[in-house]
Amino acid sequence: VSMHQTGAAHLDLHPATIWVEPDPQGMPLAQLLPAGQGGAATPAMVVAYRPPEQLADGMATGYWSDVYALGAAFFHALTGQPPFGAQDEGQVRAGHLQGPPPSVVAYRPDLHPGVAAALQQALDKVPARRPPNVMALLQSLEAFLYAPGAAAAPPYGAQAAGGPPARKSSAGIVVLLASLGVLA
């Protein structure tokens, strides 16, 4: 039984709490560290993935908060940066609370527009307008990342001369996030 099926939520999802290592077959296997255990995380980094309901007083949190945080992590994985940056904590907070999320295709015009739509929905300020759970988000992203004509990111570690920082391939990201099935 997954975490979200029991009504529980992680509420501390960001890259430092997602531990990835290969399984015996060499496929990426992701595990979630317990909330608060992402030792390499700085306060500014943690805020870069926080949903509005965790930044505002008096708003309810739950599995829908994890959907937003994973949407932000997926955005980062595809673009090389969190949706609202990560340098100035005040600006990041303001972005999560008030600003519209940037479109992933502004950074990655080669991606299917459905990827942008799925991430926009995951990063919606209103929790009820987000995908109903993490598995729905993953299925939506997977459908568009594997759509005919969909472009994949360069393989992990590959970088064209003068190009952006290396990032995992789109397919690898879906495998990675799908392995987080404990949230589904």
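Residues numbered from 1 in each chain as written. Predicted model: local features only at pLDDT ≥ 70, side-chain atom pairs only at ≥ 80, totals over all residues. Heavy atoms only, no water.

Novice: Give a detailed account of the overall build of the protein chain, specifying residues and quantitative values.
Specialist: Assigned secondary structure in the protein chain consists of 8 helices and 2 strands. Ordering the α and β elements of the protein chain from the N terminus gives β-β-α-α-α-α-α-α-α-α. The 184 residues of the protein chain split such that 40% are buried. Partitioning the contacts of the protein chain with sequence separation of at least 6, the portion at a separation of at least 24 is 62%. Summing over all exposed atoms, the protein chain offers an accessible surface of approximately 8,800 Å²; the carbon and sulfur share of this is 59%. (Helix = DSSP H or I, 4+ residues; strand = E, 2+ residues; numbered from the N terminus. Buried < 20%, exposed > 50% of the residue type's maximum accessible area, 1.4 Å probe, protein only. Contact = heavy atoms within 4.5 Å. Areas by Shrake-Rupley, 256 points an atom, 1.4 Å probe, with all protein chains shown as cover.)

Novice: Break down the confidence of the model for the protein chain for me, with residues and values.
Specialist: If pLDDT is low for a region, its predicted coordinates should not be looked at in detail. For the protein chain, per-residue confidence averages 73 on the pLDDT scale, and residues scoring 70 or more make up 62% of the total. Taken together, the stretch residues 152-184 has pLDDT below 50 and engages in 72 contacts with residues farther than four places along the chain or on a different chain. (pLDDT = per-residue confidence, 0-100.)

Novice: Hey, could you go over helix α3 (residues 63-79) for me, with residue numbers and the actual values?
Specialist: Counted at 1.5 Å a residue, the expected span for α3 with its 17 residues is 24 Å, and the 24 Å between its end C-alpha atoms agrees. Among the 17 residues in α3, 13 count as buried, and that is most of the element. Directly after α3, the chain includes G80, whose backbone phi takes a positive value near 90°. (Expected span 1.5 Å × (residues − 1).)

Novice: If you had to explain the pattern of salt bridges to someone new, which residues and values would you point to?
Specialist: Taken as a whole and judged by the stated rule, the model has 4 salt bridges. Between R108 and D110 there is a salt bridge whose closest N-O contact spans 2.8 Å. One salt bridge connects D124 with R129, and the closest N-O pair in it is separated by 3.1 Å. (Salt bridge = Lys/Arg side-chain N within 4 Å of Asp/Glu carboxyl O.)

Novice: Please give an account of the packing of helix α6 (residues 113-122) against helix α7 (residues 134-145) that cites residues and values.
Specialist: For the pair α6 and α7, the least separation of the axes is 8 Å and the interaxial angle reads 165°. Considering the angle they form, α6 stands roughly antiparallel to α7. The handedness of the crossing between α6 and α7 is left-handed. Each of G114, V115, A118, L119 and A122 in α6 lies in contact with α7, whose residues at this interface are L137, S140, L141, F144 and L145. Partitioned by chemical class, the residues of the contact of α6 with α7 number 8 nonpolar, 2 polar and no charged. (Axes fitted to C-alpha atoms, helices over the stretch in contact; angles between N-to-C directions. Parallel < 35°, antiparallel > 145°, perpendicular 65-115°, else oblique. Left-handed = near helix turned anticlockwise from the far one by under 90°. Nonpolar A, V, L, I, M, F, W, Y, C, P; charged D, E, K, R; others polar.)

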